[in-house]
Amino acid sequence: MIRLEGITKSFGSLQVLKGIDLEINKGEIVSIVGPSGAGKTTLLQIMGTLDEPDAGTVEFDGTVVSWMKEKELSAFRNKNIGFVFQFHQLLPEFTALENVMIPAFIAGVSSKEANERALEILEFMGLTERASHKPNELSGGEKQRVAVARALINHPAVILADEPSGSLDTHNKEELHQLFFDLRERLGQTFVIVTHDDNLSKITDRTVNMVDGMIKKV
Ligand SMILES: Nc1ncnc2c1ncn2[C@@H]1O[C@H](COP(=O)(O)OP(=O)(O)OP(=O)(O)O)[C@@H](O)[C@H]1O
Ligand SMILES: [Mg+2]
């Protein structure tokens, strides 16, 4: 599904990624763990084509993304990859429903269909009653579920999540983690999740350990 080969990345004189080889299989739920500053977010951004490596290749289902032009790449990203960030990054002036619909609009889906899809996902997340609320009228757990719904609207094959449960309490954390497994069960999605949460990394199919810009062999 995703194949990274020989990925390196520096910011100025600081080499943050020192040659990463990693393969993620379709339908796999993989956690990435490691100390602060190890390069986890940088790796996820490169995997998600939001940032470019200095060297190495990123491949999705055999397509090398570095060969794509920016316009082609953003269309590819919008269609194939869903992102969930540590802080939900919902747009404050828009309702939960509208926030979920936005990536579908960008993909050129009609507003009728975007509306239907968004309502269906929100229902699956148990958020039907909250659809017309703005982010500041939602709890932390609800906001994070809306952010997951937004990541799902274009039915991406892959969801990349950077500490998605970092700002949640234990109960909401467990619910969100369960949601990832439910989604995989139902839609066969692939998940790569950066986390500091041992309870999550313990239940994922595989844990990738990053230390100082490298993957630690266990
Ligand atoms: N845009 C940038 N410019 C300069 N340095 C950066 C940039 N992004 C990240 N870094 C540096 O790269 C290193 C790795 O950062 P990264 O965000 O990938 O770490 P992380 O493993 O996600 O850490 P955390 O667990 O704290 O989120 C850090 O030392 C960070 O300061
Ligand atoms: Mg990080």
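Residues numbered from 1 in each chain as written. Chains lettered and ligands numbered in written order. Predicted model: local features only at pLDDT ≥ 70, side-chain atom pairs only at ≥ 80, totals over all residues. Heavy atoms only, no water.

You'll find the protein chain entered in an unreviewed UniProt entry as Lipoprotein-releasing system ATP-binding protein LolD, with Bacteroides faecalis given as the organism.

(A) Representation of the UniProt feature "domain: ABC transporter" (unreviewed entry) in the protein chain within the structure. Look at the UniProt record and you will see "domain: ABC transporter" (unreviewed entry) annotated at residues 2–218. Helix makes up 37% of residues 2–218 and strand makes up 26%, while its end C-alpha atoms are separated by 21 Å. (UniProt positions renumbered as here; feature names shortened; annotations may be inferred. Helix = DSSP H or I, 4+ residues; strand = E, 2+ residues; numbered from the N terminus.)

(B) Seen up close, helix α1 (residues 40–47). Of all the eight residues making up α1, six are buried; the element is thus mostly covered by neighbouring parts of the structure. If you check which residues of α1 are buried, you get Lys 40, Thr 42, Leu 43, Leu 44, Ile 46 and Met 47. (Buried < 20%, exposed > 50% of the residue type's maximum accessible area, 1.4 Å probe, protein only.)

(C) Main features of the sheet that holds strand β9 (residues 206–211). Strand order in the open sheet formed by six strands is β6-β7-β8-β3-β9-β10, with mixed pairing between adjacent strands. Here the strands that pair on one side only, and so sit at the sheet edges, are β6 (81–84) and β10 (214–216). Mean inter-strand twist for the sheet, computed between neighbouring axes without regard to direction, equals 25°. Bridging between β6 and strand β7 (residues 158–162) involves four bridges; their strand directions are parallel. The residue bridging Phe 83 from the neighbouring strand is Leu 160, located in β7. With respect to the sheet, helix α5 (residues 140–152) is in contact with β6 and β7, its orientation differing from that of β6 by roughly 165°. Contacts from helix α6 (residues 170–187) reach β3 (29–33) and β8 (190–194) within the one sheet, and its direction differs from that of β8 by about 160°. (Pairing = 2+ DSSP bridges. Axes fitted to C-alpha atoms, helices over the stretch in contact; angles between N-to-C directions. Contact = heavy atoms within 4.5 Å.)

(D) View of the pattern of salt bridges. If you walk through the whole model with that rule in mind, you get 11 salt bridges. Between Glu 23 and Arg 3 there is a salt bridge, with the nearest N and O atoms lying 3.6 Å from each other. Remark: Arg 3 occurs in strand β1 (residues 2–11) and Glu 23 occurs in strand β2 (residues 14–24); sequence separation between them is 20 residues. The salt bridge partner of Lys 9 is Asp 51, with a shortest N-O separation of 3.4 Å. Placement of the pair is Lys 9 in strand β1 and Asp 51 in the loop between α1 and β4 (55–60), with a sequence separation of 42 residues. (Salt bridge = Lys/Arg side-chain N within 4 Å of Asp/Glu carboxyl O.)

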